[in-house]
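Close look at the chain arrangement
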Amino acid sequence: MKTRKTQSPAKASPGFSLKPWHVAVGVLVALLVLFEVYGPALNGVFVFDDESLPFYSRDFGARPLIPAITGVRPFLMFTFWLNHQISGLEPYGYHLLNFLFHFASGVLVFFICRKVLEWAGVAGARRELLAAFAGCLFLFHPIQTESVAYIASRSENLSILFCYAAFALFLYRQAQAVSWPVVAGVLVLFAAAASTKEHTIVLPAVLLLTDYYWNPGFSFEGARKNWRLYGTMAVVGAAGVYSVWNLLRTAPTAGFGVKDLPWNHYLYTQWRALWIYFRLLVFPAGQNADYRYPVSHTPFEPGTLIGLAGLLVLVGLAIRFQHRLPLASYGFLAALLLFAPTSSVIPIRDVVAERRVYLPMIGLLFVALEFLRRWKLDLRRMAAVLTAILLVCAVLTYQRNKVWAGPVPLWEDVLAKSPENSRAHFQLALGYYEDGRCQESVRHYKTAERLGEREHRLYVDWALADDCLGRFDDALAKIKRAIEIEKTAHAYALMGMIYAKQNRRDEAMAALDEAGRIDAGYDMTYAYRGNLLVLANDFAGAAAQYRHALDLDPNNQLARNGLARVQAALGGTR
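What comes next is a walk through the structure. (Residues numbered from 1 in each chain as written. Predicted model: local features only at pLDDT ≥ 70, side-chain atom pairs only at ≥ 80, totals over all residues. Heavy atoms only, no water.)

1. Brief notes about the overall build of the protein chain
The condition that has to hold: Starting at the N terminus, helices and strands are each numbered in turn, a helix being any DSSP run of H or I of at least four residues and a strand any DSSP run of E of at least two. Atoms counted for the radius of gyration: C-alpha only. Globule rule: 2.2 Å times residue count to the power 0.38. Partly exposed residues are those whose accessible area sits between 20% and 50% of the maximum for their type, while under 20% is buried and over 50% is exposed, using a 1.4 Å probe and protein chains only. All accessible areas in this document rest on Shrake-Rupley with a 1.4 Å probe, and a residue is counted as covered only by the protein chains that are shown. When charges are tallied, Lys and Arg are placed among the positive residues and Asp and Glu among the negative ones, while His and the ends of the chain are skipped. Charge positions are represented by NZ for Lys, CZ for Arg, CG for Asp and CD for Glu.
Looking only at helices and strands, one finds 27 helices and zero strands in the protein chain. On C-alpha atoms alone, the protein chain measures out to a radius of gyration of 28 Å, which is about the 25 Å that the 2.2 N^0.38 rule sets for 574 residues. By principal-axis analysis of the C-alpha atoms, the protein chain measures approximately 90 × 55 × 45 Å. Looking at the 574 residues of the protein chain, the share that counts as buried comes to 53%. When the accessible surface of the protein chain is split by element, carbon and sulfur atoms take 63% of a total near 25,000 Å². Side chains of the protein chain carry 57 positive and 45 negative charges; the gap between the two charge centres is 12 Å.

Written out as structure tokens, the structure reads:
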């Protein structure tokens, strides 16, 4: 492939040749250090939406492979299925796989940057140093923590692993025009990326931009020669766009079905939100797992037009200086393309989320490399400065991982930065309850309700905290409020459990019967009914209820313990 004639102003070291053992040692050292940095989250628990993912359902582990992965995002579901087969619901295995996907993406970033730096005229040891810095900054930057420590973000880091692999294969082809085997490889990886998370569907645009800038440089000659790739991707992409469009029309949290968030309001908001991401990359202070960022309903709200003007100025500068600063120009435009699926016109309920930087970060790294390659500093001093930057990032990322290690530190951190965040109060209340801190839990449930949380689950969970404190009447009041919002087996079963504690057995049985009518497959109904029958000294009937609960969920510990007790009382075995 023809390379660009651009030469780095600083003197390169053309005699240096990267050996395989250099790469192996660097990869091993980075892996060991990164493992320590992510240690707190690796040893943490599931947080926030992790427990709402499909693998957390009662029957997920019992499903055969094909039914388990059939539907949306099959590669993602396969990794969850694999985790479940190996370690059930033990969080460590899920965190470890996220970590390994992140590390593999960082290695790909090194090779991607190394090739583009070569095309930009950077050679020898300087190229290797800058590429290694880019790969390590991708790995160690604290803004990446959410994409790695949060199991629900696996769609992010797995899709980007496939996306970057397709990009690297495209870059390392042997000729200016891609061969059919390379086309096949890129297409397979692109399909894997897009079917893992739909935002990677923008990859063909980035490949076209790459051909324009570097193949051979500021012309569409390379794109014309790569007709076989772009033609095939257009066909595959059209099918993908149709599939994504169908999802976006009705999805409740991401797409055009999001309630009270039209596409134009989301677009106006993103003109401001992108500047948060840019600032966090340069100065990663004030990170937040739940920004609850205010929506811009018109272009004339404070900061909205200023944000747009700033973006247009940067786009203009990127075009104006594309020949003088090709890496920065290319990187910034590539980043905007990669931001586009999540940060333009497709509404997403959480209008700001740090994980959205994960895909575009490769483009923003090229912007940094443009200025680093022009820094007239000898390699030893540059290596020392870059190492110091990485060490600072590693410390910040370690601290951020401690936040993501569990629900209590996570939501305490959110509330320290946004005290009026109702969802954070709700989630912290749940975390305190799970830690047995029921009084603190009730206090945060009250605050969450005062700030506007009114959903069914809030009152159900609040009832559990009241029950923990022995406030049975308060708990029943919360359950009744939950039932007014939505009648669920869970709510009625809890009502039966609380009535039983008050020795109101007829009311308890009536509530449990209603739970069974709503959902005959809810196992806790039968566990609570078993407890109620024990109070009536009907041990045989209780045993039957416990067994039925265990048939529905073999991991139901309440039913298992209850069955052991009644079997001891009956003097028999199951």
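2. What to know about helix α21 (residues 456-468)
This is how it is decided: Any helix carries an expected span of 1.5 Å times its number of residues minus one. In this description, contact between two residues means that some pair of their heavy atoms is separated by no more than 4.5 Å.
In this model α21 runs 19 Å from its N-terminal to its C-terminal C-alpha over 13 residues, within 8% of the 18 Å that 1.5 Å per residue would give. Turning to α21, the residues buried within the fold contact α19 (422-434), α20 (438-450), α22 (472-485) and α23 (489-501). The positive-phi residue at the C-terminal boundary of α21 is G470, with phi of around 80 degrees.

3. Regarding the state of the cysteines
Just so we agree on the cut-off: In this description, a disulfide is simply a cysteine sulfur pair whose atoms lie within 2.5 Å.
Evaluated as defined, the whole model comprises one disulfide. Between the sulfur atoms of C438 and its disulfide mate C468 the distance is 1.9 Å. The sign of the S-S torsion, about 80 degrees, decides the handedness of the disulfide formed by C438 and C468: right-handed. In this pair, C438 is assigned in helix α20 and C468 in helix α21, connecting sequence segments 30 residues apart. Note on C438: relative accessible area 3%, which makes it buried. Summary of cysteine pairing: C113 is not part of a disulfide, and the nearest cysteine sulfur, belonging to C136, is at 11 Å. As a non-bridged cysteine, C393 has C136 as the owner of its nearest cysteine sulfur, 11 Å distant.

4. Brief notes about helix α14 (residues 304-320)
The test is simple: Within this analysis, the arc is defined by the directions that extend from the helix axis to the C-beta atoms.
The first and last C-alpha atoms of α14 sit 24 Å apart over 17 residues, in line with the 24 Å expected at 1.5 Å per residue. Listed in full, the buried residues belonging to α14 are T304, G307, G310, L311 and A318. Buried residues of α14, seen end-on, are gathered within an arc of 135 degrees and therefore sit on one face of the element. Within α14, the exposed residues directed more than 90 degrees away from the buried face are I306, L312, V313 and R320.

5. Quick word on the environment of T210
Looking at the secondary structure, you find T210 in helix α10 (residues 203-214). Along the sequence, T210 and F103 sit 107 residues apart, while their C-alpha atoms lie 24 Å from each other. What T210 contacts, discounting residues up to four positions off in sequence, is W119, F167, F170, L171, N215 and Y330.

6. A word on unusual backbone geometry
Residue P216 is reached from N215 by a cis peptide bond, and omega for that bond is 0 degrees. Even without being glycine, F48 reaches a positive phi, approximately 50 degrees. Relative to the helices and strands, F48 is located in the loop between α2 (39-42) and α3 (65-69).

7. Some remarks on the pattern of salt bridges
Threshold: By definition, a salt bridge exists where a carboxyl oxygen of Asp or Glu is found within 4 Å of a side-chain nitrogen of Lys or Arg.
Taken as a whole and judged by the stated rule, the model has 26 salt bridges. The shortest N-O distance in the salt bridge between R127 and E128 comes to 2.9 Å. Classification of E128 as buried rests on a relative accessible area of 7%. Linking D350 and R423 is a salt bridge whose minimum nitrogen-to-oxygen distance equals 2.8 Å. With D350 in the loop between α15 (326-339) and α16 (361-373) and R423 in helix α19, this residue pair connects regions lying 73 residues apart in the sequence. In this structure, a network of salt bridges that share partners links the residues R114, K115, E118, R127 and E128.

8. Describing the nonpolar core
To be explicit about the condition: By nonpolar core is meant a set of buried Ala, Val, Leu, Ile, Met, Phe, Trp, Tyr and Cys residues that side-chain atoms within 4.5 Å join together.
Counting 104 residues, the largest nonpolar core has Y164, F167, F170, L207, L229, F366 and L369 as its most contacted members. A448, A500, A515 and Y522 belong to the second-largest nonpolar core, a separate cluster that totals 36 residues.

9. Notes on the packing of aromatic side chains
Worth spelling out the cut-off: Working definition: a ring pair exists when centres of Phe, Tyr or Trp rings (six-membered ring for Trp) sit within 6.5 Å. Plane angles under 30 degrees give stacked, over 60 give edge-to-face, the rest tilted. For a lysine, the NZ atom is tested; for an arginine, the CZ atom; a charge sits over a ring if that atom is within 6 Å of the ring centre and within 35 degrees of the ring normal.
Across all of its chains, the model carries 34 aromatic pairs by this definition. When the centroid spacing of 5.0 Å and the interplanar angle of 80 degrees are considered together, the rings of F48 and W411 count as edge-to-face. Of the two residues, F48 sits in the loop between α2 and α3 while W411 sits in helix α18 (residues 407-417), which places them 363 residues apart along the sequence. A relative accessible area of 23% means that F48 is categorised as partly exposed. Look at Y277 and F339: their rings are 5.6 Å apart centre to centre, the planes differ by 5 degrees, and that puts the pair in the stacked class. Highlighted residues: Y277 in helix α13 (residues 263-282) and F339 in helix α15, separated in sequence by 62 residues. One aromatic cluster is present, built from ring pairs that chain together Y212, Y213, W214, F218, F220, Y330 and F366. The ring of F321 carries the charged tip of R320 above its face, separated from the ring centre by 5.2 Å. The ring of W462 is capped by K478, whose NZ or CZ atom sits 4.6 Å from the centre of that ring.

10. Here we look at the side chain of N288
Spelled out, the test is: Counted as a polar contact is a pair of N or O atoms within 3.5 Å, where, for protein atoms, one must be capable of donating a hydrogen and the other of accepting one, and residues adjacent in sequence contribute only when both atoms are in side chains.
Considering the arrangement of structural elements, one finds N288 in the loop between α13 and α14. From its side chain, N288 meets the backbone nitrogen of D290 in a polar contact 2.9 Å long. With near-sequence residues (within four places) excluded, N288 lies in contact with E146, E354, R400, V414, K417 and S418.

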